[in-house]
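Read off the chains here:
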Amino acid sequence: MKNKTFIVSTVVLSVILIVVTFYMLFVHVPYYNYSHELDEIRNQICEDNHYEYLDYFSEYRGKSVYYMLKVNIDGVESYVAYDTDLNLVDTYQGDITDKEDVLDKITTKYDIILDDLEIAYENERFVYYGLYQDDDMLLYVYYDLSSGDFIKAVKLDE
């Protein structure tokens, strides 16, 4: 009886070790490395351009990859877009539409509820970008950052 208990315990602990090792090697470590790489990119952009970082950074993957930052440039709140070579693509320093107003427009137009919108750079302009996915559909929506006007939507049905 003690021998069976030992074997079962060893097998269970071995399975747990294999699962934890798999998780660490194929999930946690790659995610950590990716997050660290994005932090390095954000810090390099701010350091090289003497920006005061204002707590918004995202990576937008559309037709091209852009790094979006909210920064303070000479006392003006600005959004900047950088490409993968860390070259400045565009800067936006105007007023922005309230995110909640755009979320309400999306809910009314598509009868869906988005949790949040990101700021992106699409078609050579700054936009609000949202993604909605369910079992039957994938929807990307784009609204102008300054006016809140609809720009485009891409809908993929099953």
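Residues numbered from 1 in each chain as written. Predicted model: local features only at pLDDT ≥ 70, side-chain atom pairs only at ≥ 80, totals over all residues. Heavy atoms only, no water.

Asker: What exactly am I supposed to notice about a negative patch on the surface here?
Answerer: A grouping of Asp134, Asp135, Asp136, Asp157 and Glu158 is seen on the molecular surface, where their side chains present a negatively charged patch. We classify aspartate 134 as partly exposed; its relative accessible area is 32%. (Patch = residues over 30% accessible without salt bridge, like charges linked within 9 Å, V, L, I, M, F, W, Y side chains within 5 Å. Areas by Shrake-Rupley, 256 points an atom, 1.4 Å probe, with all protein chains shown as cover. Salt bridge = Lys/Arg side-chain N within 4 Å of Asp/Glu carboxyl O. Lys, Arg positive; Asp, Glu negative; His and termini not counted. Charge placed at Lys NZ, Arg CZ, Asp CG, Glu CD. Buried < 20%, exposed > 50% of the residue type's maximum accessible area, 1.4 Å probe, protein only.)

Asker: Can you help me understand the packing of aromatic side chains in this one?
Answerer: Pairs of aromatic rings are described using the distance from one ring centre to the other and the angle between the two planes. One pass over the full model with this rule turns up eleven aromatic pairs. For the pair tyrosine 121 and phenylalanine 126, a centre-to-centre distance of 5.1 Å together with 70° between the ring planes defines the contact as edge-to-face. Taking 5.5 Å as the distance between ring centres and 75° as the angle between the ring planes, the aromatic pair formed by tyrosine 143 and phenylalanine 150 counts as edge-to-face. On the basis of relative accessibility, which here comes to 37%, the residue phenylalanine 150 falls in the partly exposed class. Every member of this aromatic cluster is reached through a ring pair, and the members are Tyr60, Tyr129, Tyr140 and Tyr142. A cation over an aromatic ring shows up here: lysine 109 above the ring of phenylalanine 150, its NZ or CZ 3.5 Å from the ring centre. (Phe/Tyr/Trp six-rings, centres within 6.5 Å; stacked < 30°, edge-to-face > 60°. Lys NZ or Arg CZ within 6 Å of the ring centre and 35° of its normal.)

Asker: Before we go on, may I ask you to explain the sheet that holds strand β4 (residues 88-92) in this structure?
Answerer: Backbone hydrogen bonds are what pair the strands of a sheet, in a parallel or an antiparallel way. The four strands are arranged β1-β2-β3-β4 in an open sheet whose pairing can be described as antiparallel. Since the sheet does not close on itself, it has two edges, and those belong to β1 (52-61) and β4, each with one partner. Strand-to-strand twist across the sheet, computed as the mean angle between neighbouring axes with direction ignored, equals 20°. Sheet contacts for helix α1 (residues 2-49): β1, β2 (65-73) and β3 (76-82); angle to β1, the most-contacted strand, approximately 130°. (Pairing = 2+ DSSP bridges. Helix = DSSP H or I, 4+ residues; strand = E, 2+ residues; numbered from the N terminus. Axes fitted to C-alpha atoms, helices over the stretch in contact; angles between N-to-C directions. Contact = heavy atoms within 4.5 Å.)

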